[in-house]
Amino acid sequence: MKIKLYALFAFLFILFIVPLVATFSIREISFDKNIDIIRLEKLSGEKVFVQNFISDGGPISSIGINFRNFNQINKKDLYFKISDQKGNVREIFTNGVVIKDGSLMRFKFTPILSSKGDIYTVSISSQDSTDVESLEVGFGEGDVFVNKVFYRPENKYFLMKTVWNDFMERYFSDAWFFRIYTLIIISLFVYIFWPMKLQK
Amino acid sequence: MKIMRQWFTRFYKHNYTMKSIFKLPISKKLFALAILIRMLIMPFFFHPDIKTYNFQSSFMKKGVLNIYNYLIDHKQELPLKEEFVYFPLTYVFLGSYQIIASPLLGNDYISWLGDASGRAFERAGSYRYLFILKFPYLVFDVLIAFLLMQLFKKRINQKRAFIYWLFNPFTIILVYIFSNVDIIPVMLALISLIYIKKNNIVRSSIALSLAAAFKIYPIVFLPLLVIKQKTIKYILIISMTFVTLLVLIIIPFWSESFRLSAFSSGLSTRLFSSGISLGFGEIVMPSVIFISLFIYVFYKSKYEMWEGCFVLLIIILSLVHYHIQWLLWIAPFAVLLFVRKRNVRLLLLLWSTIAFAIPVLYEDLAMSFGLLLPFSRIYVFSTLPFSIVQRFFDPYMLIGILHSLLISIAIMIFFEMRIKEARE
């Protein structure tokens, strides 16, 4: 009986403890769905792309934008800025050299604390780029180019709770599976462990 | 039932009854525990391969027989654009199973298979699909446990093999977490081995050919089978049986698409991809050197067939950039070795652990936290083990060190196997 218990606890550990412990590997989350890119626009010269968004999570830690940089031809400076109603909050200077073609470029910065519910403005520009070797920015419907806003989780408990809630929601969402599967598992449990005699 | 009994009677050349073949060497409750553990894992872990090859096999229900042509011709309009890299029987088996299981899978199943949005697990029914799709693996997995017992005479060794197979975490992870369809050719390769033990080389060759018709890897065992024969007649019988059956299965699927998909992927290319440059574009391939060398050693020595298969696979897996699912190929032979040779147990555990650790370090979410996606979508945002290691050490160097260790431990195991020990 001891072997059975050890084996069972080992696998329950894998099944329930590992998913919870694995949440420690999560440093950022996003609530946004991927935008469907419907057009590409060149970012060059005096052109500045601007978009507003409302923060719906914890501290904002990075923002993802889709770029095309064919053959990584663009090697000019790129300026990223995020501001609120009071002024600039974070700004990043980077270069086309680090932007891969067709990639989601993540602009990471020191998390903006207490950002939930606030309105922010993201703007990007690349003044030195010309139309010939410009970066192209992916736009979705409604002139949206910010693909994803990433947030730093408020705490690990929040993530564990999210995992647990998602799991429960999915488990109960399929009534057929829930009934049959639960019945099989409980029957096997009862068969194996009933009556249980623990050795001293 | 009568036909099955006759088949088993012929198979074992004894008057075995079904009851004696499937006689449990452990208590029924312990066996039920092995089933319970598997069932607890089946619906909740996901590797993308199970969705891909089941999506591709789902076209059988629509009457598509040549999946290789179909996937190439319709690549633009299909949501999952991968090619079908398995051999035809995998497609036939999975397609047929889906047809049989379709009343249980429900109407939304096909739409779920084709959902490439990355949010398929937010749909109701995901757990059901994973459970049903993995259910055949459970059957083959348990059958392997019974088959392994047939390779031992002593009851205690039969029991050990049975327990080691059913309760080792490695095969459970490979089959039910990584959703490994290779369990079918693995079982057929084992049947081939049992036939060899019973000196029925034709049936052994048929089983091996069927295994290769699911996935090509068992073809590496054919040279071992051939060179151990004493007469040209037997060599011809084995070779002809293997080739004829395989060709007959492949013919209906043969096309340029089949050749490109099935022969240009996995083992067939990776085996020849590593090399040491001699200059002027010429390379020598360590895998070819060691495999041919071992075949010679096998011919000259008194290795048993299963030992030969084990060493051949450990050479291949140690010398190529393997997919984690390939580790299942060696698992039954590793269990045989674990039972028979105490002196290699520690080395074997070490080799297995390192062999598991290497793919986890790849820059691929599906090899680590991505397996937990059925629990919650937030695992998409997990930091990869690769990136975690990167903070302290060069992950590529770590993979290189681990792979080098894998090779050296494989050599140690080879030498330890030669040390004589009281056998069964």
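Since this is a predicted model, take the numbers as computed values, not measurements.

As for the overall build of chain A
Turning to step 1, where the next piece is worked out: Within chain A, the secondary structure is distributed over 3 helices and 9 strands.
Turning to step 2, where the next piece is worked out: Against the 2.2 N^0.38 benchmark of 16 Å for 200 residues, chain A shows a C-alpha radius of gyration of 25 Å, more extended than a compact globule.
Turning to step 3, where the next piece is worked out: Dimensions of chain A, computed from the C-alpha atoms along their principal axes, are close to 80 × 35 × 30 Å.
Turning to step 4, where the next piece is worked out: Out of the 200 residues in chain A, the part that is buried amounts to 44%.
Turning to step 5, where the next piece is worked out: Of the contacts formed within chain A by residues at least 6 apart in sequence, a portion of 82% connects residues at least 24 apart.
Turning to step 6, where the next piece is worked out: Put simply, chain A shows about 11500 Å² of open surface, and 59% of that area lies on carbon and sulfur atoms.

Thoughts on the sheet that holds strand β4 (residues 77-84) of chain A
All names here are of chain A.
Turning to step 1, where the next piece is worked out: If you walk across this open sheet you meet the 4 strands as β2-β7-β4-β5, and the pairing is antiparallel. Two strands close off the open sheet at either side, each with one partner strand: β2 (48-54) and β5 (87-95). Taking each pair of neighbouring strands and ignoring which way they run, the sheet shows an average axis angle of 15 degrees.
Turning to step 2, where the next piece is worked out: Here 8 bridges tie β4 to β5, and the two strands are oriented antiparallel to one another. By the bridge assignment, D84 is partnered in β5 with G87.

Notes on the confidence of the model for chain A
Turning to step 1, where the next piece is worked out: On average, residues of chain A carry a pLDDT of 84, and 95% of them reach 70 or more.
Turning to step 2, where the next piece is worked out: Confidence, expressed as mean pLDDT per element, reaches its minimum in chain A at helix α1 (residues 2-21) of chain A with 75 and its maximum at helix α3 (residues 175-193) of chain A with 91.

Points about the pattern of salt bridges
Turning to step 1, where the next piece is worked out: Under the definition given, this model contains 13 salt bridges over all chains.
Turning to step 2, where the next piece is worked out: Residues R259 of chain B and E256 of chain B are paired through a salt bridge, measuring 2.7 Å at the closest nitrogen-oxygen approach. Taken together, the residues R259 of chain B and E256 of chain B, both in helix α15 (residues 256-263) and 3 residues apart, mark about one turn of the helix.
Turning to step 3, where the next piece is worked out: The class of R259 of chain B is partly exposed, set by a relative accessible area of 34%.
Turning to step 4, where the next piece is worked out: Taking the relative accessible area as the measure of exposure, E256 of chain B reaches 48% and is therefore partly exposed.
Turning to step 5, where the next piece is worked out: Members of the salt-bridge network, linked through shared partners, are R39, E41 and D143 of chain A.

Description of the interface of chain B and chain A
Turning to step 1, where the next piece is worked out: Across the contact, 38 residues belong to chain B and 41 residues belong to chain A.
Turning to step 2, where the next piece is worked out: Of the roughly 3700 Å² buried where chain B meets chain A, counting both sides, 73% is carbon and sulfur surface.
Turning to step 3, where the next piece is worked out: Considering only the side of chain B, the residues that lose the most area to chain A are K29, F375 and F381 of chain B, jointly responsible for 19% of the buried surface there.
Turning to step 4, where the next piece is worked out: The salt bridge involving R128 of chain B is made with D174 of chain A; its shortest N-O contact spans 2.9 Å.
Turning to step 5, where the next piece is worked out: The interface formed by chain B and chain A contains 11 residue pairs in polar contact (both at pLDDT 80 or more).
Turning to step 6, where the next piece is worked out: Looking at the side of chain B that touches chain A, the elements that each hand over two or more residues are α3 (28-41) and α8 (126-149) of chain B.

Rules behind the numbers
Within every chain, residues take consecutive numbers counted from 1 along the sequence as written. As they are written, the chains are lettered A onward and the ligands numbered 1 onward, keeping that order. Reporting of local features is limited, given that this is a predicted model, to residues whose pLDDT is at least 70; pairs of side-chain atoms are given and counted only at 80 or more, and all residues count toward the totals for whole chains, interfaces and linings. Side-chain metrics rest on all non-hydrogen atoms present in the structure, leaving aside hydrogens and water. The secondary structure listing takes helices from DSSP runs of H or I that are at least 4 residues long and strands from runs of E that are at least 2 residues long, numbered from the N terminus. Our radius of gyration is a C-alpha quantity, and the globule rule it is checked against amounts to 2.2 Å times the number of residues to the power 0.38. Exposure classes here rest on a 1.4 Å probe applied to the protein chains alone. A residue is buried below 20% of its type maximum, exposed above 50%, and partly exposed in between. In what follows, a contact means two residues having at least one pair of non-hydrogen atoms within 4.5 Å. All accessible-area figures derive from a Shrake-Rupley calculation using a 1.4 Å probe, and residue coverage is judged against the displayed protein chains alone. Two strands are counted as paired when DSSP detects at least two bridges linking them. Only the contacting stretch of a helix is used when fitting its axis, a line to C-alpha atoms as for every element, and angles between N-to-C directions run 0 to 180 degrees. Residue-level confidence of the predictor is summarised by pLDDT, bounded by 0 at the bottom and 100 at the top. The salt bridge definition used is simple: a Lys or Arg side-chain nitrogen within 4 Å of an Asp or Glu carboxyl oxygen. By convention, the term buried area covers the 1.4 Å-probe accessible surface removed from two parts as they join, with the contributions of both added. The definition of a polar contact used here is a pair of N or O atoms within 3.5 Å, where within protein one atom must be able to donate a hydrogen and the other to accept one, and adjacent residues in sequence count solely through side-chain atom pairs.

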